[in-house]
Amino acid sequence: MILVTGGNGFLGQWVVRKLLERTQASIRCLVRPSPAPPAVSGVVAQWPGRKIELHPASLPAPAAALAAALDGVRVVVHIAAGKQGSAPALVANTVVGSEALFQAAVRARVERFVLVGSLGVHDTASLPRGAMVDEDTPLDPHPEWRDPYTFSKHRQETLAREYALNHGLPLVVVRPGVIIGPSAEILVTRVGLRMFGMLLHLGGANRLPFTYVSNCADALVDAATRTSLGSDTFNVVDDDLPTSRQIVRAYRSKVRRVRSIFLPRMALGPVARMNAWANRRTQGQIPIVFSEYDARTIWKNLSFSNERAKSLLGWIPAVPMRAALEATFQSHASD
Amino acid sequence: MRIAVVGCGQIADAHIQEARKIEGVEVAAVCDSNIHMAEQAARRFAVPASYTDLARMLSEQRPDIVHITTPPATHLAIAKLAIAQGAHVYVEKPLTLDVLEADELLEFAARQGKLVCVGHNYAFDAPARRVRELLRSGRLGEAVHVDAMMGYDLTGAFGGVIMGDAHHWVHALPGGLPQNNISHPLSLVVPFLGDAAPTVTAVGRRLRQARFGDRRDAWFDEIRVLLHAGSVSAGVTFSCRMRPIQMALAVYGTRQHVFANFESRTLRTVAAADAPGPFRRLQLARRDAVESRREFRGRFWDFLHSRLQYFEGMTELLRQFYSATRGAGPEPIPMSQARLVSWLIDEIFGQCKAAEDKT
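Here goes a summary of the coordinates provided. (Residues numbered from 1 in each chain as written. Chains lettered and ligands numbered in written order. Predicted model: local features only at pLDDT ≥ 70, side-chain atom pairs only at ≥ 80, totals over all residues. Heavy atoms only, no water.)

1. Examining the overall build of chain B
Going by this rule: Counting from the N terminus, the helices are the DSSP runs of H or I reaching at least four residues and the strands are the DSSP runs of E reaching at least two. Burial here depends on accessible area, computed with a 1.4 Å probe over protein chains only, as a share of the maximum for the residue type. Under 20% is buried, over 50% is exposed, and the range in between is partly exposed. Between two residues, a contact is recorded if the distance between any of their heavy atoms is within 4.5 Å. For accessible areas, the Shrake-Rupley method is used with a probe of radius 1.4 Å. Any residue's cover is judged against the shown protein chains and nothing else. In summary, the charge assignment counts Lys and Arg as positive and Asp and Glu as negative, without counting His or the chain termini. For the purpose of locating charges, the reference atoms are NZ of Lys, CZ of Arg, CG of Asp and CD of Glu.
Counting its regular elements, chain B contains 12 helices and 13 strands. C-alpha atoms of chain B, sized along the principal axes, occupy 75 × 55 × 40 Å. Burial statistics for chain B: of 359 residues in total, 53% are counted as buried. Taking contacts inside chain B between residues at least 6 apart in sequence as the whole, the part at least 24 apart equals 67%. Per element, the accessible surface of chain B, about 16,000 Å² overall, is 54% carbon and sulfur. Side chains of chain B give 42 positive and 39 negative charges; the mean places of these two sets differ by 6 Å.

Listed below in structure tokens is the structure:
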């Protein structure tokens, strides 16, 4: 039995679809209680012969509810996490919620716990420009200087590692890059920031660590089902990563016109420092749009390795980047 | 002045940031029953100490003022513990679960010689202060009727968190989410009601679609309240449907009226016109235009002087409260007003519930 948390979400539905396609495993989805039919029901309906249990519970759930959800479960794929909101809300959702699941998984003696992390947790600030980010790149020592989502994912992964070290949680961490796909946001922060109806284009020639949602789901299924896999970590990005500039151009030609102002790399630091000065000077009236630390961590022509996922998981990004972008842009164009 | 914040949820961020804007204030410690919540606040704001044990925090840190930003059901116990350890307390709204608890807290604080301030920060936003100043100056004459309106977005920064979590403490309040928020518009009208206990008529309606099948569907999302106290009446509206959401205050006086918009931080006054016939309309419209121009210039000036802060009212309330704890000024929110708001909340949700039970 495989338990999937967040099975109703964008990535979660694809993971359930791939588990149905590629395995004969029994599947249980932890879904938020709701009188409306869960979104994952649409996926389940396409496999009439397969049985999927939908287990209503919100994280953090009481221990008894989680024990029931984990009854008979050998593998957990933990996708559920807060995506938007303030840092306290995301920590409450993602970290506090996950800890209850880590504890329950240890008690239930699951054989594997696949945590969906984030590629953003790495200490890229201390890397030289143009460096390669891989699984050996350390975690950021200052997650509190990052955006609330990255902060919460950093704390979640750190906590999971503590449970692995101290309580024997059989942890496999999969860190996807930016997940794209139908309806997913594509002009993400790594591309730039939307303000006053315009795009402040910051990415320029930086390669974007995209992974198409079905490719990412494949990697998670590989991590959940691959035999003889110890505690390990895998960064998941697709091949042939596009640059930010290519994405903005393609967005303009395939989706809609977007007015943008390009901020060259040399200007990022000074603009961030001016922003910080204005924020301090106005006691927060002028918000921080992006920090100097952001400039040092995100936009520095990094490249991203997916070799470990390919070699140890046998993962292949089946949907090529060109097709992945086409599908993503098409969904935006028809919105 | 050393302060400590107990409860490290979303609103604690604002308390830490706004308190630090006041000269001489040091945020010495944060405390939360969950270690991850305490640590995240300490780490993001570089607060030197974080605790999960309140008693230990109080004895080790000896804060002058404790900010309580925990769920309302815990306010009384935490406040009494903090007061017993020698601290004044600033308590997030609503002050307590009900007026009985409010009485217990206020009496305890009075016996210990400590101050309690409830977080009615909207009443200290510039528009509310300006409206009260207009009344004090005599320009409005006597208040005849006051209206306060609060809109709430269930998909907003706070609403989204609350509606996404069936176990959120807000849903356990007898009146649910409105009970946690209606103190804001109530705190705007209460200063105009005088000392007499008002009569209350309240109606609650549930107009949103039931989506969850749990407590999140249970509470009223539209509340209308009519208050009468002596010769003054007040209306309070809480709505989850209006867009864009607004906080607004209108005071109808015996000489002039004033409309305050908390979003734009602007005021518009209405005085009698003396031009004849249709020229009266033009005269009034011209006054509106002139006042709008003046208000725009004022807000632009405020912007240049960094006064358009989101939690500006909280900073002002904290400044006045901290001064009061040093004996350098009066309590910003008299205890009688804090208690009256507690009593009104009980009365409003009691009436709404009773009406529903009848049907």
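So much for the structure itself; the text now carries on.
2. Description of the sheet that holds strand β7 (residues 171-176) of chain A
Within a beta sheet, neighbouring strands are joined by backbone hydrogen bonds and run either parallel or antiparallel to one another. All names here are of chain A. Threshold: Strands qualify as paired when DSSP identifies two bridges or more between them. Lines are fitted to the C-alpha atoms to define the axes, a helix being fitted only along its stretch in contact, and any angle between axes, read from their N-to-C directions, falls within 0 to 180 degrees.
The strand order β3-β2-β1-β4-β5-β7-β12 describes an open sheet built from 7 strands, whose pairing is parallel. Two strands close off the open sheet at either side, each with one partner strand: β3 (52-56) and β12 (232-236). The mean angle between the axes of side-by-side strands here comes to 15°, regardless of whether they run parallel or antiparallel. Running over the sheet, helix α3 (residues 63-70) touches β1 (2-5), β2 (27-31), β3 and β4 (75-78) and is turned about 155° from β2. Against the sheet, helix α6 (residues 213-225) engages β1, β4, β5 (112-116), β7 and β12, with an angle of about 160° to β5.

3. Describing the packing of α3(A) against helix α4 (residues 87-107) of chain A
When two helices pack together, their arrangement is captured by the angle between the axes and the distance separating the axes. Residues and elements named next belong to chain A. For the record, the criterion: For classification, angles of less than 35 degrees are called roughly parallel, those exceeding 145 degrees roughly antiparallel, those between 65 and 115 degrees roughly perpendicular, and all remaining angles oblique. Handedness of a crossing follows from how the near helix is turned relative to the far one, being left-handed for an anticlockwise turn of less than a right angle and right-handed for a clockwise one. Three classes are used, and their members are as follows: Ala, Val, Leu, Ile, Met, Phe, Trp, Tyr, Cys and Pro are nonpolar, Asp, Glu, Lys and Arg are charged, and the others, Gly among them, are polar.
Running from amino to carboxyl end, α3 crosses α4 at an angle of 55°, the nearest separation of the two axes being 9 Å. Classified by the angle between their axes, α3 and α4 sit oblique to one another. In the crossing of α3 with α4, the sense of the turn from one axis to the other is right-handed. On α4, the residues touching A63, L66 and L70 of α3 are A100, L101, A104, A105 and R107. Partitioning the contact of α3 with α4 into residue classes produces 7 nonpolar, no polar and 1 charged.

4. A look at the pattern of salt bridges
Selection rule: A side-chain nitrogen of Lys or Arg and a carboxyl oxygen of Asp or Glu constitute a salt bridge if their distance falls within 4 Å.
Inspection of every chain in the model, using the stated rule, returns 36 salt bridges over all chains. Here R56(B) and E60(B) are joined by a salt bridge, their closest N and O atoms 2.9 Å apart. Here R56(B) and its partner E60(B) are both found in helix α3 (residues 54-61), 4 residues apart, which amounts to about one turn of the helix. When salt bridges that share partners are traced, they join K18(A), E21(A), R22(A), D218(A) and D222(A) into one network.

5. Observations regarding helix α6 (residues 126-136) of chain B
Residues and elements named next belong to chain B. For clarity, the threshold we go by: Read the arc as the range of directions from the helix axis to the C-beta atoms.
Those residues of α6 that fall on the buried side of the exposure criterion are P127, A128, V131, R132 and L134. End-on, the buried residues of α6 take up no more than an arc of 155°, which puts them together on one face. Looking at the buried side of α6, the elements it contacts are α9 (183-189), β11 (247-253), β12 (257-261) and β13 (266-270).

6. Let's talk about the nonpolar core
Our working rule: Put simply, buried Ala, Val, Leu, Ile, Met, Phe, Trp, Tyr and Cys residues joined by side-chain atoms within 4.5 Å make one nonpolar core. Domain boundaries shown here were taken from an automatic or database domain assignment.
In this structure, I182(B), L249(B) and I348(B) are the most contacted members of the largest nonpolar core, which totals 137 residues. Examining the composition of this core, we find that 9 residues originate from one element, α4(A), more than from any other. The residue makeup of this core includes at least three contributed by each of domain 1 (2-118) and domain 2 (123-265 + 308-316 + 343-352) of chain B. Leave out the neighbours within four places in its chain, and L249(B) touches V131(B), V146(B), D147(B), A148(B), L188(B), F192(B), V258(B), F259(B), A260(B) and F262(B). Grouped together as the second largest cluster of nonpolar side chains are 63 residues, I27(A), V188(A), F210(A) and A217(A) included.

7. Focus: a positive patch on the surface
Our working rule: Residues forming no salt bridge and having over 30% relative accessible area are the ones grouped into patches, like charges within 9 Å of each other and nonpolar side chains (Val, Leu, Ile, Met, Phe, Trp, Tyr) within 5 Å.
There is a patch of like positive charges on the surface, built from R139(B), R286(B), R293(B), R294(B) and R297(B). As for its placement among the helices and strands, R297(B) is situated in helix α10 (residues 279-304).

8. With respect to the side chain of T282(A)
Selection criterion: Any N or O atom pair separated by 3.5 Å or less is treated as a polar contact, with the protein-specific requirement of one donor-capable and one acceptor-capable atom, and with residues adjacent in sequence counted only for side-chain atom pairs.
Looking at the secondary structure, you find T282(A) in the loop between α8 (265-281) and α9 (292-297). Here A278(A) takes part through its backbone oxygen, which lies 2.8 Å from a polar atom of the side chain of T282(A). With near-sequence residues (within four places) excluded, T282(A) lies in contact with S306(B) and Q309(B).

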